[in-house]
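Residues per chain are reported as follows:
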Amino acid sequence: MSGSVSTDDLVAWIRAFHEAVQQQKDELTRLDSEIGDADHGSNMARGLDAVVAKLDPVPANPADLFKTVGMTLVSTVGGASGPLYGTFFLRMGPALAAGGQIDADALGAALRAGVDGVVARGKAELGDKTMIDALSPAVDAWDTAAHEGPATAARAAAEAAARGRDATEPLVARKGRASYLGERSAGHLDPGATSATLLLQALSDTLAAAE
């Protein structure tokens, strides 16, 4: 692909994320059964089924796309995940609403706006054993690699997200349902960080395929 990302690429990303969650929903639920309510995989799968059902016809522009995705996730995904993932996409939309070419810098700014929205909504910080442990290093890695184009930036972000996910295993949860377990939450991967890594890997795969 060139140095720009189209609305069709972004739709393909959402579809790829949907497919990844469908494939990994049992693993996400298994992880959530260890430190949460045992429903993260099923909730995310249900929400993304509803999202994909609204992608035909394809929304006219990225702002409309992410508004549709975000509002659908808020209304269909149970627990904390719906509002958090919904906020992520709802914040991405306005960041791309100005129109024009979506290059690596523009998409990176939208991703950061989404992550900032999750932080504001969930009040989580790096090290709290949440999806922020994957998302925060991912957007930092994106910014570092953005000058090499969106596909390279997305690959760097996905790799950083995976490292952040893996780093949640020894952590003691300080936010969410897992925090009720105290020290017993250590020794388990965070399911939110795991699904967030699927989100970034889906973007990387989509942009690599479009090159």
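In short, a report on the structure.

Thresholds, definitions, all that
Residues numbered from 1 in each chain as written. Predicted model: local features only at pLDDT ≥ 70, side-chain atom pairs only at ≥ 80, totals over all residues. Heavy atoms only, no water. Phe/Tyr/Trp six-rings, centres within 6.5 Å; stacked < 30°, edge-to-face > 60°. Helix = DSSP H or I, 4+ residues; strand = E, 2+ residues; numbered from the N terminus. Buried < 20%, exposed > 50% of the residue type's maximum accessible area, 1.4 Å probe, protein only. Patch = residues over 30% accessible without salt bridge, like charges linked within 9 Å, V, L, I, M, F, W, Y side chains within 5 Å. Areas by Shrake-Rupley, 256 points an atom, 1.4 Å probe, with all protein chains shown as cover. Salt bridge = Lys/Arg side-chain N within 4 Å of Asp/Glu carboxyl O.

1. Focus: the packing of aromatic side chains
- Scanning the entire structure with this criterion turns up 5 aromatic pairs.
- Judged by centre distance (5.8 Å) and plane angle (20°), the ring pair of F66 and F89 falls under stacked. Note that F66 is positioned in helix α3 (residues 62–76) and F89 in helix α4 (residues 81–95), a separation of 23 residues in sequence. Accessibility classification places F66 together with F89 in one group, the buried group.
- Connected via pairs of aromatic rings, a cluster forms that spans W13, F66, F88 and F89.

2. Thoughts on unusual backbone geometry
- D56 connects to P57 through a cis peptide bond whose omega is 5°.
- The residue K123 is not glycine, and still its phi comes out positive at about 60°.
- If you trace the backbone, K123 turns up in the loop between α5 (104–122) and α6 (132–145).
- Among the residues examined, K123 registers a relative accessible area of 55% and is labelled exposed.

3. What to know about a nonpolar patch on the surface
- Nonpolar side chains collect at one region of the surface, where M71, V74 and L90 lie side by side and expose about 240 Å² of accessible area between them.
- Mapping V74 onto the fold places it in helix α3.

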